[in-house]
Amino acid sequence: MDRNKYSSIAHREHLFSNPISEIKINKIIDFLQLEPHAKVLDIGAGKCELLIRLVEKYGIEATGPKKNS
């Protein structure tokens, strides 16, 4: 069984690969109040949507997993 394949299929229509709603994610992003020099590491980044939003809102330095080609 290829867990990555099934996870990819299950989450293909989702912005975030987790059960948290987009509304809650946006509230969390607003709550963080990060400084522009902050560094954020997202180990299970999925499609990196959270990191993208943090970069857009706060101008932080973001690191996510390297996608295998």
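Criteria and cut-off values
Residues numbered from 1 in each chain as written. Predicted model: local features only at pLDDT ≥ 70, side-chain atom pairs only at ≥ 80, totals over all residues. Heavy atoms only, no water. Patch = residues over 30% accessible without salt bridge, like charges linked within 9 Å, V, L, I, M, F, W, Y side chains within 5 Å. Areas by Shrake-Rupley, 256 points an atom, 1.4 Å probe, with all protein chains shown as cover. Salt bridge = Lys/Arg side-chain N within 4 Å of Asp/Glu carboxyl O. Helix = DSSP H or I, 4+ residues; strand = E, 2+ residues; numbered from the N terminus. Buried < 20%, exposed > 50% of the residue type's maximum accessible area, 1.4 Å probe, protein only. pLDDT = per-residue confidence, 0-100. Lys, Arg positive; Asp, Glu negative; His and termini not counted. Contact = heavy atoms within 4.5 Å. Core = buried A, V, L, I, M, F, W, Y, C linked by side-chain atoms within 4.5 Å.

A grouping of Ile20, Ile28, Phe31 and Leu32 is seen on the molecular surface, where their side chains present a nonpolar patch of about 390 Å² in accessible area. The topology assignment puts Phe31 in helix H2 (residues 22-32).

This part covers the environment of Phe31. Taking relative accessible area as the criterion, Phe31 reaches 68% and is therefore assigned exposed. On a C-alpha basis, the gap between Phe31 and Pro19 in space is 19 Å, while along the polypeptide they are twelve residues apart.

Another point: unusual backbone geometry. With a phi close to 50 degrees, Gln33 is a non-glycine residue in the positive phi region. Relative to the helices and strands, Gln33 resides in the loop between H2 and strand S1 (39-41). Residues other than glycine seldom take positive phi values, yet Cys48 does so here, at roughly 65 degrees. Mapping Cys48 onto the fold places it in the loop between S1 and helix H3 (49-58). The partly exposed category is assigned to Cys48, whose relative accessible area is 23%.

What follows concerns the confidence of the model for the protein chain. For the protein chain, the mean per-residue pLDDT works out to 85, and 93% of the residues sit at or above 70. When the elements of the protein chain are averaged for pLDDT, helix H1 (residues 3-10) gives the smallest value, 74, and S1 the largest, 95.

What follows covers the side chain of Asp42. Within the secondary structure, Asp42 is located in the loop between S1 and H3. No salt bridge is formed by the buried Asp42; its nearest oppositely charged neighbour, Arg53, is found at 11 Å. Setting aside its immediate chain neighbours within four residues, Asp42 contacts Leu50, Leu51, Thr63, Gly64 and Pro65.

Next up on the list: the nonpolar core. One finds Phe16, Ile25, Ile29, Ala38, Val40, Ala45, Leu51, Leu54, Tyr58 and Ile60 forming the largest nonpolar core, which totals ten residues. Contributing elements (two or more residues each) for this core: H2 and H3. For this core, the element with the most residues is H3, which contributes three residues. In this view, Tyr58 contacts Ile29, Asp30, Leu32, Gln33, Leu34, Glu35 and Pro36; residues no more than four positions away in its chain are not counted.

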